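Each chain is listed here by its residues.
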Amino acid sequence: MMLEEINKVGSLLSYREDIKVMDCTVRDGGLMNDFRFDEEFVKNVYKACVKSGVDYMEFGYKSSTEYFNEDDFGPWKFSKEADLRRIVGDNNTELKISVMADVGRTNYKEDILPKSESVIDIIRTACYIHQIPSAIEMVNDFHLKGYETSINVMAVSHVNERELDEALHLLGQSNVDIIYLVDSFGHYYPEEIRLLAKKYLDVGKQYNKKIGIHAHNNQQLAFANTIEALTLGISYLDATVSSLGRGAGNCPIELLLGFLKNPKYSLRPMLNVIENDVAKIKEQGIIWGYDVPYMITGQMNMHPRSAMKIVGTPAWGEFTKFYDEIMDED
């Protein structure tokens with residue numbers, strides 16, 4: 001890489017002011033316990049994010065009670081304004097508040113208030129490739145309401161290149177602020193992330209969009225893939241405390257903060273949360289993180305739901321049987 005290119009995108013010994021860290025612990029981790037985190041845990045993660053200089057914290061989903069029974073989930077499945085404010089008040093900090101809205105699972109026109117009436121700063125829309133027109137419609141609504149926006153296209157490892165190219169240009173022409181590269185199944189290797197990052201960044205440059213990455217850790221590559229993407233120029237980086245997230249989890253935020261050279265970031269508050277709060281989560285029997293069944297689904301480019309079904313059961317340790325069953329499905 002030429003010196004001019006290094007100065008533009010950064011190196012392992014420099015930092016870029018455009019880097020933004022998004023903590024997704026409560027939102028992604030909530031998929032492992034139906035979002036039933038106690039308030040103390042959520043408050044402590046929030047305080048740690050503020051003290052660590054993290055740029056965004058994602059609290060949960062904006063799911064509609066028309067589609068989901070409130071009795072079946074904790075508050076962060078719905079992220080109501082009153083619940084958010086009970087944790088952050090008016091959020092008089094530099095940290096920005098995020099929520100996620102899935103296409104087809106949120107009554108966004110009614111449940112999402114104008115930005116002037118909400119403590120939320122950014123709404124991230126999650127969709128599959130065939131839902132992009134609906135995602136753009138949602139983003140237009142959020143844009144008019146005054147929010148920052150992103151679109152996270154999921155399961156791109158199942159999308160052919162022509163469709164992905166078309167989808168990215170549609171997003172480029174939309175009102176969305178940030179386009180996310182998402183490794184939903186923890187399937188990609190750094191070489192593949194490098195090629196995809198360049199594709200997303202080319203679209204970002206053409207349409208003046210920011211690009212982010214959301215990685216899963218099925219093959220213990222979430223951190224490696226994240227730093228591969230950032231060294232190429234991707235600037236929005238998702239991570240979770242102690243990798244807490246769906247299935248194998250995500251890029252550990254403690255690894256990311258320890259890696260980034262910007263002095264605004266501090267690792268120590270996150271270590272305190274891991275020591276005191278994540279330890280309690282583990283004591284509650286919530287199981288996440290790298291393990292062989294998640295590795296198998298990652299290598300096979302499959303959703304981890306089959307592995308998640310056997311978490312905590314005697315079948316969890318029957319790796320060969322699980323592998324044979326997966327191979328039969330394929």
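Residues numbered from 1 in each chain as written. Predicted model: local features only at pLDDT ≥ 70, side-chain atom pairs only at ≥ 80, totals over all residues. Heavy atoms only, no water.

Visitor: Please explain the overall build of the protein as it appears in this structure.
Guide: Scanning the protein for helices and strands turns up 14 helices and eight strands. Here the protein has a C-alpha radius of gyration of 19 Å; the compact-globule value for 330 residues is 20 Å, and the two agree. Projecting the C-alpha coordinates of the protein onto the three principal axes gives extents of approximately 50 × 45 × 40 Å. Considering the protein as a whole, with its 330 residues, one finds that 58% of them fall into the buried category. A separation of at least 24 residues holds for 77% of the contacts in the protein among residues at least 6 apart in sequence. In the form shown here, the protein has an accessible surface area of approximately 14800 Å², with 49% of it arising from carbon and sulfur atoms. If the 35 positive side-chain charges of the protein are averaged to one point and the 50 negative ones to another, these points end up 4 Å apart. (Helix = DSSP H or I, 4+ residues; strand = E, 2+ residues; numbered from the N terminus. Rg over C-alpha atoms; globule rule 2.2 N^0.38 Å. Buried < 20%, exposed > 50% of the residue type's maximum accessible area, 1.4 Å probe, protein only. Contact = heavy atoms within 4.5 Å. Areas by Shrake-Rupley, 256 points an atom, 1.4 Å probe, with all protein chains shown as cover. Lys, Arg positive; Asp, Glu negative; His and termini not counted. Charge placed at Lys NZ, Arg CZ, Asp CG, Glu CD.)

Visitor: Even after reading the chapter, I still don't get the sheet that holds strand E5 (residues 148-153), so can you show me in this structure?
Guide: In sheet architecture, strand pairing relies on hydrogen bonds along the backbone and comes in two forms, parallel and antiparallel. The eight strands are arranged E1-E2-E3-E4-E5-E6-E7-E8 in a closed barrel whose pairing can be described as parallel. The mean angle between the axes of side-by-side strands here comes to 25°, regardless of whether they run parallel or antiparallel. Both strand E3 (residues 96-102) and strand E4 (residues 122-127) contribute to a ladder of five bridges, which runs parallel. Within the sheet, the bridge partner assigned to Val99 lies in E4 and is Ile123. Its contacts with the sheet place helix H8 (residues 190-207) against strand E6 (178-183) and strand E7 (210-215), and it is angled at close to 165° to E6. (Pairing = 2+ DSSP bridges. Axes fitted to C-alpha atoms, helices over the stretch in contact; angles between N-to-C directions.)

Visitor: Can you walk me through the pattern of salt bridges in this structure?
Guide: Two side chains of opposite charge can pair, provided their charged atoms sit close to one another. Within this structure, the stated rule accounts for 21 salt bridges. Here Glu39 makes a salt bridge to Lys43, at a shortest N to O gap of 3.9 Å. Of the two residues, Glu39 and Lys43 both sit in helix H3 (residues 39-52), four residues apart, roughly one turn of that helix. Looking at Glu39, the relative accessible area reads 31%, which means it is partly exposed. Of the charged contacts in the structure, one is a salt bridge between Lys321 and Glu318, with a shortest N-O distance of 3.9 Å. Lys321 sits in the partly exposed class, given a relative accessible area of 47%. (Salt bridge = Lys/Arg side-chain N within 4 Å of Asp/Glu carboxyl O.)

Visitor: How do you make sense of the nonpolar core when you look at a structure like this?
Guide: Across soluble globular proteins, nonpolar side chains show a tendency to be buried alongside one another. Among the nonpolar cores identified, the biggest contains 95 residues, and Val42, Met57, Phe59, Ile151, Tyr200 and Leu260 are the most heavily contacted of them. Leaving out residues up to four positions away in the same chain, Met57 has contacts with Met22, Asp23, Val26, Val42, Val45, Tyr46, Cys49, Leu95, Lys96, Ile97 and Ser98. Counting residues in each nonpolar core, the second largest holds eight residues, with Met22, Cys24, Ile178 and Val182 among its members. (Core = buried A, V, L, I, M, F, W, Y, C linked by side-chain atoms within 4.5 Å.)

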